[in-house]
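# Secondary and tertiary structure notes
If you want the building blocks of each chain, they are given just below.
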Amino acid sequence: QVQLVQSGSEVKKPGSSVKVSCEASGGTFSRYSITWVRQAPGQGLAWMGRIIPMFDVVNYAQKFRDRVTFTADTPTNIAYMELRNLTSEDTAVYFCARDRSDDTFDIWGQGTLVTVSS
Amino acid sequence: EIVLTQSPDFQSVTPKGKVTITCRASQSIGRSLHWYQQKPHQSPKLLIKDTSQTISGVPSRFTGSGSGTDFTLTISSLESDDAATYYCQQSRSLPLTFGGGTKVEIK
């Protein structure tokens, strides 16, 4: 069974960038999309976008489009989410999830806490 | 963008009681509506897909219904393990969107 294992917590300064990884262990994600979801403290889930590694296609939510980049390295089964020009409002837990062809998210990473603080 | 509005925001129910959560879409989404459960400090878990298809391993007390713009998640007999926040999500069109969540507390 595939598991998604994310990189550890990060503390960043305002204006900097963060890159979070999501590794598919026990399988491959090349047949699926990887979606990224953000959850600010005490808040709900916000879809940031997705990458389809097999076709190297990305879709970004409008809110993040100017500051986020999704990439995927299919030989190593690792997906990445880079968010630039961080502000305190980007303090959140970032999840990756396997995005099936019907756009349901059936396997989730454990989440990565990104704290933006001066 | 399709906006999903969940109600109520919070529900406190006694064990074995019934929980009903609604999710209203800003435009018709057919049956492309899914439900997730998130317990504190955990990742979300897919419970129901395509309005009413319960995911393997999910207890039968969880059921979903609806179509078009109005959807419902029902927990028929609440157990202590069901304390969580529940989210709906649509896959009709991009951007994919979530409802704001409904927190269920065991009274």
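Because the structure is a prediction, the values reported are computed rather than measured.

A count of helical and extended segments in chain B gives 0 helices and 11 strands. Moving toward the C terminus, one meets the helices and strands of chain B in the order β-β-β-β-β-β-β-β-β-β-β. In terms of overall dimensions, chain B is globule-like: its C-alpha atoms have a radius of gyration of 13 Å, near the 13 Å expected for 107 residues. Principal-axis analysis of the C-alpha atoms places the extent of chain B at approximately 35 × 25 × 25 Å. Considering chain B as a whole, with its 107 residues, one finds that 50% of them fall into the buried category. The contacts in chain B between residues at least 6 apart in sequence include a share of 56% that link residues at least 24 apart.

What follows is about the sheet that holds strand β8 (residues 78–83) of chain A. The strands that make up a sheet pair up through hydrogen bonds in the backbone, lying either parallel or antiparallel. Residue and element names in this part refer to chain A. Spatially, 4 strands are ordered β1-β3-β8-β7 in an open sheet, and the strand pairing comes out antiparallel. Two strands close off the open sheet at either side, each with one partner strand: β1 (3–6) and β7 (68–73). In this sheet, neighbouring strand axes are inclined to one another by 20° on average, regardless of whether the strands run parallel or antiparallel. One ladder, built from 4 bridges, connects β1 with strand β3 (residues 18–25); its direction is antiparallel. Across the sheet, the residue bridging to V5 is E23, located in β3.

All names here are of chain B. Per the counting criterion, the structure on display carries 2 disulfides over all chains. There is a disulfide in this structure between C23 and C88, and the S-S distance comes to 2.1 Å. Classification of the bridge connecting C23 and C88 rests on its S-S torsion, roughly 75°, and on that basis the disulfide is right-handed. Placement of C23 in strand β3 (residues 19–25) and of C88 in strand β9 (residues 84–90) is noted, with a sequence separation of 65 residues between them. Summarising the burial analysis for this pair, C23 and C88 share the class buried.

Our next topic: a nonpolar patch on the surface. Residue and element names in this part refer to chain A. Side chains of M54, F55 and V57 sit close together on the surface and give an oily, nonpolar patch of about 300 Å² of accessible area. Tracing the backbone shows V57 in strand β6 (residues 57–60). We classify V57 as partly exposed; its relative accessible area is 34%.

About the cut-offs
Residues numbered from 1 in each chain as written. Chains lettered and ligands numbered in written order. Predicted model: local features only at pLDDT ≥ 70, side-chain atom pairs only at ≥ 80, totals over all residues. Heavy atoms only, no water. Helix = DSSP H or I, 4+ residues; strand = E, 2+ residues; numbered from the N terminus. Rg over C-alpha atoms; globule rule 2.2 N^0.38 Å. Buried < 20%, exposed > 50% of the residue type's maximum accessible area, 1.4 Å probe, protein only. Contact = heavy atoms within 4.5 Å. Pairing = 2+ DSSP bridges. Axes fitted to C-alpha atoms, helices over the stretch in contact; angles between N-to-C directions. Disulfide = S-S within 2.5 Å. Patch = residues over 30% accessible without salt bridge, like charges linked within 9 Å, V, L, I, M, F, W, Y side chains within 5 Å. Areas by Shrake-Rupley, 256 points an atom, 1.4 Å probe, with all protein chains shown as cover. Salt bridge = Lys/Arg side-chain N within 4 Å of Asp/Glu carboxyl O.

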